[in-house]
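Examining the three-dimensional arrangement
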Amino acid sequence: MRGPNLALRREFVNISTPGTIYHKNALDFSADAELLDREHLRNEISAAGSPIPLLRKANNNSSLVLNNRFRNNKNIGDIVSGRAWVVDEILVLAWKAINWPDPSEISLVAVGGYGRGELLPYSDIDLLILTRKTRNKKYKDYISAFLTMLWDIGLEPGHSVRSVRQCKQEASEDITIATAMMESRLLTGPQNLYNSMCEVTSVKKIWPIKKFVRAKLDEQARRHHKYHDVDHALEPNVKTSPGGLRDIQTIGWICKRYFGTNSFNDLVNLGFLKELEKKMIVEGQHFLWKIRYGLHFLQGRSEDRLLFDKQKELSQLFGFHDDDKSLAIEKLMKNYYREVANLRELNDVLLQYFDEIILRGGEKKKIKPLNDRFQIRNDYIEVANPSVFEKAPSALLEIFVLMGDNPQIKGIHASTIRLLRDNRHLINENFRRDADNITLFIELLRTNNHMSLQLSRMARYGILGRYLPEFGKISGQMQHDLFHIYTVDAHTLQVVENMRKFRLPNAVESFPVAAHIFKNLPKVELLYIAGLYHDIAKGRGGDHSKLGRVDAIKFCERHKLSGWDTKLVSWLVDKHLLMSMTAQRKDINDPVVIREFAEHMGDKLHLDYLYAMTVADICATNPDLWNSWRATLLRQLYQNTRRALRLGLENPINRQERVSDKKQSAYLKLQEKGFSKAQIDNVWDVADDEYFVREAIANIIWHTAGIINFSDADPLILVQDIKEQSDSEGATQIFIYARNADYLFARCTAALEILNLNIQEARIFTSSRDYCLDTFTVLERSGLPVRNNTKREKEIISLLQEHLTLGNKPVILPKFRRTRKEKYFARSVNVELINPVNKSYSILEINCPDQPGVLACVGKVLAMNDIVVNDARITTLGERVEDLFFVTDINGKPIERRGLIEKLNLEITAELKGQVSS
């Protein structure tokens, strides 16, 4: 199916009409005396000595009027146009106040967004001062005086001075300049001069239409790529994010260049747009204008980023309120995501039309029938006739299966995208229960050609949310925290895409374990289903893992999965957080921890599926959360658990056997290095079994050799990189052997913070000789290990020695400035004390805002309260740290002090606040 033959209708449109704009911004506001009484202002200027005070007053007054109309929810289109009209009038009056030499040779032209007649409070006022000749020294001082006057009035114009010839030359070289001139308006000056500029920059002279369209499509593709091609980012840019104002403008630019159209109404008259689609564009544009105006209004400057703090202020400004179902901010953003989704859909359709009728319009037609319903025309799939979806609703799913099965298909023809949108209402409960449709959806999950892309297309065109209503409910569902960067639906689709990436050749280097596992999964579609459902119940209240498990079971039963497959999928949804929490919050070298985790797994197959899902989930949450240390932790947990499963859960390794085995292995290696049994025993005699249980054999060897060679002159500090299977894994370990002292933990962590090292894990041991054996696992701010950088290692050792030899001097905590997000997400400190049964220690859980120096603060407060840190689990989740400290009192016993929790809360909060620099 082809769209309307628009190419044949170009001749009926005036392509080079100068001074045109792309919507109804040509409204005349001269009757709006409240906004600006033009005649009165002209008379005042005639009677006054200088126009500047009067024009400044008029500009300020109009801004107050428009802001008041905005607050009172008046038509945003009129407000945006009204602002442009006021600036027009002020600029013309300012221009006429200058005694220009030879005024027939110079004009003032509005370009860019201002040329379209669109001005927000702090939008750029882009001006072109157009001259007939290139050499214009006689205008230099006059132009300077004019621009100075504008600044004095309170306007901040962006300007260029070009002759007609220069306009052609620069527009030929830069499509941005060509676009700005294309949507220009003459403000004042000779019309024939302006017409000359329009003529030399028209499609007949520069940027032939195919070259122009190709450049604009590429420009949009680059812009979308910058935002990972996601229109559901949690902090979008209302101007440039996918589905934002720039997408609307791109449509307008191409239509104006190709058809010569001046408004969206013209596109309806051409048959290019449907009336309903035009309404969607205009409503979406007005909604985004309203958001953008609000951002400018609240910020007091140009601001297009819809940041968390501004979302909150805007939701209040627009009258949204919290209720039992959702927060005000979530209601605002739900509206935003709905509008940009509609605009993104239309942008897809229209740009696909441009590609077909302009870029590929002259191609020889190559049609390959697929079946009675679909065919491939020049590598794009389309319906065989316009009634396909009405007669065979199952084709709404079938088209995506065909694309998934056929790598030749590059996309969907625009007319077919439009038919998908027009017929998606046919997906109802009967459709969802139809056996053919159930089979088609499972077939889609098994396809090999860009399966995750097909799911994303289904979501964008409103098919996926109708076929899976539970997915529709999370569309635009916010995740109001710092470490998620996408809405729930966008995150979910990213998880599935990440799973698909495990099959690619480069995954062997980036995700070696996941890539190996993925190739051996018996039914990879079960992993995809679990990915689709792992967060499906977010936003409902309650445990989303448990609620999602119920939805996953219903999906599996409706899609006729076997009982075993259903149990696996629902188990994955229920346990999807278990592996990451175990790796980051527990000692994965402890046989008891591994046994408990292995019992949850039951067999290697469940372990394999959960590992692949965990990696995909972490990477989709926020790419910054995945670093080499998390990769290492997950791989170690996977390997330790796999070993436990091989040995059999009924025959776990005895704790004492584990200690003996480690000692024997370490003995042999140390003796090979030339150390005697007496030297080794002298070191090991001061370490209890807990050290050997929790430390790796390689670390025991490393520590022992270092201590044997230790002179006792200064604290012993060793630095090494953990060597792993690939460059994407690993971390740097810093071992500190020093006499026990107050604030030792706090001093170490403060030094590491000053060194800009992120602490991933801390193992704290105190020997019977009152020596500390502390190992900190760290990464650089880049998320990578130090990587055998001798200079950096010396810097680390030097600063730590300096801090550890301060004696009784107070701990120096690093100062820092909170980022915007840290300020917004800063919450109170929460401390919990747990005394496990039959254990000689207490567990202190501290949740607080993440910031540089947080561990040093905690360490200082604990030392001040005579709390001894024996071990620590450091977990950073976006804006929060969730750290576990295994502690005792100074007598080595569990802590049982009344009022301690409240005291620690207050003191840690005070220390954190004291760190913030002004």
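Remember, it's a predicted structure, so these values are computed and weren't measured experimentally. Position numbers for residues count from 1 along each chain, tracking the sequence in the order it is written. Given that the model is predicted, a residue must reach a pLDDT of at least 70 before its local features are reported, and side-chain atom pairs must reach 80 or more before they are shown or counted; all residues, however, enter totals for whole chains, interfaces and linings. Hydrogens and water are ignored here; the side-chain numbers use all heavy atoms of the structure.

Okay, helix α19 (residues 435-445) next. Exposure classes here rest on a 1.4 Å probe applied to the protein chains alone. A residue is buried below 20% of its type maximum, exposed above 50%, and partly exposed in between. Strands here are runs of E lasting at least two residues and helices are runs of H or I lasting at least four, both read from the DSSP assignment and numbered beginning at the N terminus. Here α19 has its buried residues at Asn-437, Ile-438, Leu-440, Phe-441, Ile-442, Leu-444 and Leu-445. Check the buried side of α19 and you find it contacts α16 (395-405), α18 (429-433), α20 (451-460), α21 (464-467), α26 (524-533) and α27 (544-558). Contacts are assigned to residue pairs that have any heavy atoms within 4.5 Å of one another.

All right, on to the packing of helix α23 (residues 488-501) against α26 then. What counts as an axis is a line fitted to C-alpha atoms, over the stretch in contact for a helix, and the angles between N-to-C directions run from 0 to 180 degrees. At a closest axis distance of 8 Å, the pairing of α23 and α26 adopts a crossing angle of 155°. Comparing their axes, α26 and α23 come out roughly antiparallel. In terms of crossing hand, the pair formed by α23 and α26 is right-handed. Packed against α23, whose contacting residues are Thr-492, Val-495, Val-496, Met-499 and Arg-500, the element α26 presents Leu-527, Tyr-528, Gly-531 and Leu-532 at the interface. Amino acids are sorted into nonpolar (Ala, Val, Leu, Ile, Met, Phe, Trp, Tyr, Cys and Pro), charged (Asp, Glu, Lys and Arg) and polar (every other residue, Gly among them). A class-by-class count of the residues in the contact of α23 with α26 yields six nonpolar, two polar and one charged. For this classification, under 35 degrees means roughly parallel, over 145 means roughly antiparallel, 65 to 115 means roughly perpendicular, and everything else is oblique. Left-handed describes a crossing in which the near helix is turned anticlockwise from the far one by less than a right angle; the clockwise case is right-handed.

Attention shifts here to the sheet that holds strand β7 (residues 380-383). On the basis of which strands lie adjacent, the open sheet formed by four strands has the order β5-β6-β7-β8 and mixed pairing. Looking at strand neighbours, the two that pair on one side only are β5 (367-369) and β8 (411-412), the edges of this open sheet. As paired elements, β5 and strand β6 (residues 374-377) share three bridges and run antiparallel to each other. By the bridge assignment for β6, Ile-367 is matched with Arg-377. Between any two strands, pairing holds if DSSP finds at least two bridges.

Non-glycine residue Asn-73 carries a positive phi angle of around 60°. Following the sequence through the fold, Asn-73 ends up in the loop between α2 (52-71) and α3 (76-96). Within the chain, Asp-379 stands out as a residue other than glycine whose phi angle is a positive 75°. Mapped onto the secondary structure, Asp-379 falls in the loop between β6 and β7.

A score from 0 to 100, pLDDT tells how confident the predictor is in each residue. Summing up the model confidence of the chain, the mean pLDDT is 86 and the portion of residues at 70 or higher is 90%. The low-confidence segment residues 1-26 (pLDDT under 50) makes 72 contacts with residues lying over four places distant or belonging to another chain.

A few words now on the pattern of salt bridges. The term salt bridge refers to a pairing of a side-chain nitrogen on Lys or Arg with a carboxyl oxygen on Asp or Glu at a separation within 4 Å. As enumerated under the stated definition, the model contains 50 salt bridges in all. One salt bridge connects Glu-907 with Lys-903, and the closest N-O pair in it is separated by 2.6 Å. In this pair, Glu-907 and Lys-903 both sit in helix α41 (residues 900-915), four residues apart, roughly one turn of the helix. Here Lys-903 falls in the partly exposed class, since its relative accessible area comes to 37%. Among the charged side chains, a network of salt bridges with common partners joins Glu-277, Glu-345, Arg-418, Arg-421 and Arg-424.

Among buried residues, those of type Ala, Val, Leu, Ile, Met, Phe, Trp, Tyr and Cys that are joined through side-chain atoms within 4.5 Å constitute a nonpolar core. Ranked by internal contacts, the top residues of the largest apolar core, which has 210 residues, are Leu-91, Phe-146, Phe-441 and Leu-455. It is helix α14 (residues 328-359) that provides the largest number of residues to this core, a total of 15 residues. Not counting chain neighbours up to four residues away, the residues in contact with Phe-146 comprise Leu-91, Ala-94, Trp-95, Ile-98, Trp-100, Leu-108 and Ile-129. Counting 45 residues, the second-largest nonpolar core is a separate cluster that includes Cys-748, Leu-755, Phe-776 and Ile-867.

A separate point is the sheet that holds strand β1 (residues 106-110). Reading across the sheet, the four strands line up as β3-β2-β1-β4 and stay open at both edges, with mixed pairing between neighbours. Whereas interior strands pair on both sides, the edge strands pair on one side only; in this sheet they are β3 (157-163) and β4 (185-188). Strand-to-strand twist in this sheet, taken as the mean axis angle between neighbours without regard to direction, amounts to 30°. One ladder, built from three bridges, connects β1 with β4; its direction is antiparallel.

Below, the discussion takes up the pairing of strand β11 (residues 757-766). Burial of β11 is extensive: eight of the 10 residues sit out of reach of the surface. Inspection of the sheet shows β11 paired to strand β12 (residues 771-780) by nine bridges, in the antiparallel sense. In the strand pairing of β12, Asn-758 is matched with Leu-779. Bridge count for β11 against strand β15 (residues 868-873) is three bridges, and the pairing is antiparallel. Its bridge partner lying in β15, Glu-761 is registered against Arg-873.

When the sulfur atoms of two cysteines come within 2.5 Å, that pair is taken as a disulfide. A full pass over the atoms with the stated rule returns zero disulfides. Among the cysteines around Cys-198, which has no disulfide bond, Cys-167 carries the closest sulfur, lying 9.5 Å off. Sulfur of Cys-748: no disulfide; nearest cysteine sulfur belongs to Cys-772 and is 8.3 Å away.

Right, let's get into the side chain of Thr-614. By the secondary structure assignment, Thr-614 is in helix α31 (residues 604-621). When its relative accessible area of 2% is taken as the criterion, Thr-614 is described as buried. The contact partners of Thr-614, leaving out residues within four places of it in the chain, are His-576, Met-579, Ser-580 and Leu-634.

Next up on the list: the packing of aromatic side chains. We call Phe, Tyr and Trp rings a pair once their centres come within 6.5 Å, taking the six-membered ring for Trp, and we label the pair stacked below 30 degrees between planes, edge-to-face above 60, and tilted otherwise. Enumeration over the complete set of coordinates arrives at 32 aromatic pairs. Aromatic pair Phe-502 and Phe-511: ring centres 5.6 Å apart, planes at 65°, arrangement edge-to-face. Accessibility expressed as a relative area gives 1% for Phe-502, which makes it buried. Aromatic rings pair up to connect Trp-95, Trp-100, Tyr-139, Tyr-142 and Phe-146 into one cluster. Charge-over-ring placement is defined geometrically: NZ (Lys) or CZ (Arg) within 6 Å of the ring centre, and within 35 degrees of the ring normal. Across the ring face of Tyr-114, the terminal group of Arg-185 is positioned such that the distance to the ring centre comes to 5.2 Å.

The next subject is the environment of Trp-95. Assignment of secondary structure puts Trp-95 in helix α3. Expressed as a C-alpha distance, the spacing of Trp-95 and Leu-108, which sit 13 residues apart in the sequence, is 8.1 Å. Apart from residues no more than four positions distant in its own chain, Trp-95 is found in contact with Trp-100, Ile-106, Ser-107, Leu-108, Ile-129, Phe-146 and Thr-188.

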